[in-house]
Amino acid sequence: MPRILGVDIPNNKQTLISLQYIYGIGPAIAKAICEKAKLDPVRKASELTQEDISNILQVLHEEYTVEGDLRRQVANNIRRLIAIGSYRGTRHRKNLPVRGQRTRTNARTRKGSKKTVGAIRDRTERRTAASAAEAKQAAAAKKK
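Residues numbered from 1 in each chain as written. Predicted model: local features only at pLDDT ≥ 70, side-chain atom pairs only at ≥ 80, totals over all residues. Heavy atoms only, no water.

A. View of the pattern of salt bridges. On inspection of all chains with the given rule, the structure shows 5 salt bridges. Among the ionic pairs, Glu67 bridges to Arg71, the shortest N-O distance being 3.4 Å. Here the residue Glu67 and the residue Arg71 both occupy positions in helix α4 (residues 67-84), the gap between them amounting to 4 residues, near one helical turn. Note that Asp69 is salt-bridged to Arg72, the shortest N-O span being 2.9 Å. Within this pair, Asp69 and its partner Arg72 are both found in helix α4, separated by 3 residues, close to a single helical turn. Looking at Asp69, the relative accessible area reads 48%, which means it is partly exposed. (Salt bridge = Lys/Arg side-chain N within 4 Å of Asp/Glu carboxyl O. Helix = DSSP H or I, 4+ residues; strand = E, 2+ residues; numbered from the N terminus. Buried < 20%, exposed > 50% of the residue type's maximum accessible area, 1.4 Å probe, protein only.)

B. Examining the side chain of Arg91 more closely. Note on placement: Arg91 falls in helix α5 (residues 87-93). No salt bridge is formed by the buried Arg91; the nearest opposite charge belongs to Glu67, separated by 28 Å. Filtering out sequence-adjacent residues up to four positions away, Arg91 remains in contact with Leu96, Pro97, Val98, Thr103 and Arg110. (Lys, Arg positive; Asp, Glu negative; His and termini not counted. Contact = heavy atoms within 4.5 Å.)

C. Geometry of the nonpolar core. With 18 residues, the main nonpolar core has Ile4, Leu19, Ile22, Ile25, Ile33, Ile56 and Leu60 as its most contacted residues. Of all the elements in the fold, those that place two or more residues in this core are α2 (27-36) and α3 (50-63). With 4 residues, α3 is the largest single contributor of residues to this core. If near-sequence neighbours (up to four positions away) are discounted, Ile56 is found in contact with Ile4, Leu19, Ile33, Ala37, Leu39 and Leu48. (Core = buried A, V, L, I, M, F, W, Y, C linked by side-chain atoms within 4.5 Å.)

Spelled out as structure tokens, the structure:
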């Protein structure tokens, strides 16, 4: 497995596809990297020579922000939004959707699993809750 910027890219896939395993590189940038490094994008990653890998690294360092630097940049941007108290920052702080999606229903990925609020639907649970409330009232009346 060739290792580029601390990421093991898969051997059995085309260079164009395997470059996309690096954070910050999508299909268009992977194609541009292959053209600038003068590589055949269809060639398997296992067939890349050390010279090819160094050409890819050179292109990445000169023109693109990827992997650790990009992750750090994104995290700093989010921290900045939170620090200045912008609307987007408060949405990040509350773990709610940031880009205007609805939250009355859906948004389960950001909000987590459902937390039911309100009336108890099951009759047996309602009875036990009512008897517990009566016991509390009786205990409070006994103390007085």
